Amino acid sequence: MKRFLRLTSLILSLSLLAGCSLSNRILHHSDSSFTVQSADQQTTSTLEFQAPLFTDAAPVLLWGRQQLTPHAQNTYDRMSESIACRRETPLAVDADTGEIQRILTALRIDHPEYFWFDGEASFVSTTLAGVNIRTECTFTYTMELSEIQAAHQQVQQYTEACLSSEELSEAQTDYEKILGVYRYIINHTDYILSEADQSIVSVMSRQQGTCAGYARTFQYLMNQLGIPCTLALGEGASGESHGWNMVQCDGHWYQIDVTWGDPVGADDMPGDSIQYTYCLLTDQEIYRDHTLVCDLPMPECTDTTYNYFVQSGRQFDIWDPASYESAMLQATEQGETWFSVRFSNL
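We now turn to the structure provided with this report.

Conventions used here
Residues numbered from 1 in each chain as written. Predicted model: local features only at pLDDT ≥ 70, side-chain atom pairs only at ≥ 80, totals over all residues. Heavy atoms only, no water. Helix = DSSP H or I, 4+ residues; strand = E, 2+ residues; numbered from the N terminus. Buried < 20%, exposed > 50% of the residue type's maximum accessible area, 1.4 Å probe, protein only. Contact = heavy atoms within 4.5 Å. Axes fitted to C-alpha atoms, helices over the stretch in contact; angles between N-to-C directions. Parallel < 35°, antiparallel > 145°, perpendicular 65-115°, else oblique. Left-handed = near helix turned anticlockwise from the far one by under 90°. Nonpolar A, V, L, I, M, F, W, Y, C, P; charged D, E, K, R; others polar. Salt bridge = Lys/Arg side-chain N within 4 Å of Asp/Glu carboxyl O. Lys, Arg positive; Asp, Glu negative; His and termini not counted. Phe/Tyr/Trp six-rings, centres within 6.5 Å; stacked < 30°, edge-to-face > 60°. Expected span 1.5 Å × (residues − 1). Arc of directions from axis to C-beta.

Let us now look at the side chain of Gln219. Positionally, Gln219 belongs in helix α7 (residues 211-225). Residue classification places Gln219 among the buried residues on the basis of a relative accessible area of 1%. If we ignore the near neighbours within four places in the chain, the residues touching Gln219 are Ile109, Asp110, Pro112, Cys229, Thr230, Leu231 and Asn245.

Pasting the structure below:
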C-alpha cells in the first residue's frame, strides 16, 4: 500500500474589523513530497536567535493562555516568542488547525503590545495517510523594524502622559485607576470609523481609532498599572463586529466598553462628553446589547460593587427628587458636561 504525503497550504485569519471576528480561508491544495521534521528541528537562522523587540510591556495576566491545554500553551509560548521578536522564518508547530485558531485567539486577547502583528498567519500542513504530522506557520506583520521603533516611542510617550495626567493624579485604588484611564482615553481620542489601524498605535499616536484601538489601549494601560485585563471579542447591538474589555477590580471581574463611553456627535463627528453606561458592568447587564463571540472561555462578571453608578451614588431604587438634585449638583460642581443616573429596577 502506497502512502502519500499531502502538502496543504491554508491561512487562518482573525478579521481586523474591530479586532473581533474570526474567519478561515483555504487558499489552495497541492500534492507534494515533503521531508518530515519534528517541531523541534527548526531550520537554523540568525532570526531564530533574535531577542524580543521590547520587554517593557509584559501583560499582567495571560487570560487566553490559561484557557488552553498544557500542550497548546507550549505552542502558544513559541508562537508568542516568534511574534515578539518579529521573526519572519516559518515556525514548526505540533497542532491542528482548530488548535492553532484557538491559540491565535488567545494571542490576540492577551497581547495589545504586539502592535505590529495583524493577527494573520499562513500555515502549511503536511499530512501522512490523512493524519497531520507537521504544520509550519508564518506570521504577517504590518510594520518594518524602523517603523516599530518609532511607534514604540510614541506608545511610551502616550503612556507616560496618561499615567501622569490629571485623570490619574490622585488615583490610589484599582477602581480610581480604571476610571482614570477610562476618562483619559475618551478625553484624548476621537472615534473615527474609517481608521484602518486597529492597534494601540492609532489611539496613542494619532488620537483616533475604532473600538479595537480603544480596547487594546485600555488593556495596555491596565497592564502598565498592574491590573488584570483582557480583550473581549464579539458583536454590538446591530450585529457589527465589536471589541471591548473585561477588567479585574478588587478581585472581581467587570465588563467595560470604553468605546461606547465616548459618544459620537452629529454627522458622526466626535462628541465632547463622557458616558458611564458601560463602565464596570456585569455579564447580565452588558449582554443586553453585546454578544460575546469567542472560542475560549471568558471571565464571569457578576459583581456590582464597583459599577460606576453604584460607586458615585447615582443609582436609585426609586425616584427621589431630592437625591437626584443632590447628585446633579455634585456633577455640576465637578465640571461634568454629561449627567446620568441609573435605576436598579430597570
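So, next bit.
Time to look at unusual backbone geometry. The backbone of Gln207 shows a phi angle near 55°, a positive value even though the residue is not glycine. Secondary-structure assignment places Gln207 in the loop between α6 (200-206) and β7 (208-209). Unlike most non-glycine residues, Leu280 shows phi in positive territory, near 70°. Looking at the element boundaries, Leu280 is found in strand β11 (residues 279-281). Classification of Leu280 as buried rests on a relative accessible area of 1%.

Attention now goes to the environment of Gln284. Tracing the backbone shows Gln284 in helix α8 (residues 283-286). Gln284 sits in the exposed class, given a relative accessible area of 66%. In this structure the C-alpha to C-alpha distance between Gln284 and Gln255, which are 29 residues apart in sequence, comes to 9.9 Å.

As a further point, take the packing of helix α4 (residues 145-163) against helix α5 (residues 174-187). In contact at an axis separation of 10 Å, α4 and α5 are set at 125° when each is read in the N-to-C sense. Here α4 lies oblique to α5, going by the angle between them. Taken as a pair, α4 and α5 cross one another with a handedness that is right-handed. Contact residues: α4 offers Tyr158, Ala161 and Cys162, while α5 offers Val181, Tyr184 and Ile185. Here the contact of α4 with α5 is built from residues that sort into 6 nonpolar, no polar and no charged.

In this section: the pattern of salt bridges. In total, this model carries 6 salt bridges according to the counting rule given. For Asp77, the salt bridge is made with Arg65, and the minimal N-O distance between the two is 2.7 Å. One end of the pair, Asp77, is in helix α2 (residues 70-84); the other, Arg65, is in helix α1 (residues 63-66), and 12 residues separate them in sequence. The class of Asp77 is partly exposed, set by a relative accessible area of 32%. For the salt bridge of Arg206 with Asp197, the shortest nitrogen-to-oxygen distance reads 3.3 Å. One continuous salt-bridge network, built from bridges that share partners, spans Arg86, Glu88 and Glu144.

In this fold, Asp283 is placed in helix α8. With no salt bridge to any partner, buried Asp283 finds its closest opposite charge in Arg288, at an N-O distance of 12 Å. Those residues in contact with Asp283 that lie beyond four places of it in its chain are Gln255, Pro299, Glu300 and Cys301.

The next thing to look at is the packing of aromatic side chains. Aromatic rings in a pair are described by how distant their centres are and how their planes are angled relative to each other. A full pass over the atoms with the stated rule returns 14 aromatic pairs. Here Phe115 and Trp116 contribute two aromatic rings whose centre-to-centre distance is 5.0 Å and whose plane-to-plane angle is 80°, an arrangement assigned as edge-to-face. On the basis of relative accessibility, which here comes to 5%, the residue Phe115 falls in the buried class. Here Trp116 falls in the buried class, since its relative accessible area comes to 2%.

With 15 residues, α2 should cover 21 Å at 1.5 Å per step; its first-to-last C-alpha distance of 21 Å lies within 8% of that length. Considering only its buried residues, α2 is in contact with α1, β3 (91-93), α3 (97-110), β4 (117-128) and β5 (131-141). Positive phi appears at Arg86, one or two residues downstream of α2, with a value of about 55°.

Quick look at α4 now. Along its 19 residues, α4 runs 27 Å from first to last C-alpha, staying within 8% of the 27 Å computed at 1.5 Å per residue. Regarding α4, the residues found buried are Ile148, Ala151, His152, Val155, Tyr158, Thr159 and Cys162. Angular distribution of buried residues about the axis of α4 spans 130°; they occupy a single face of the element. The outward face of α4, more than 90 degrees from its buried face, is lined by the exposed residues Ser146, Gln157 and Glu160.

What follows concerns the environment of Thr302. When you line up the elements, Thr302 lands in the loop between β12 (291-292) and α9 (308-311). Assessed through its relative accessible area of 64%, Thr302 is described here as exposed. A C-alpha to C-alpha distance of 9.3 Å links Thr302 and Glu285, two positions 17 residues apart in sequence. In this structure, Thr302 is in contact with Trp253 and Thr282, ignoring residues within four places of it in sequence.

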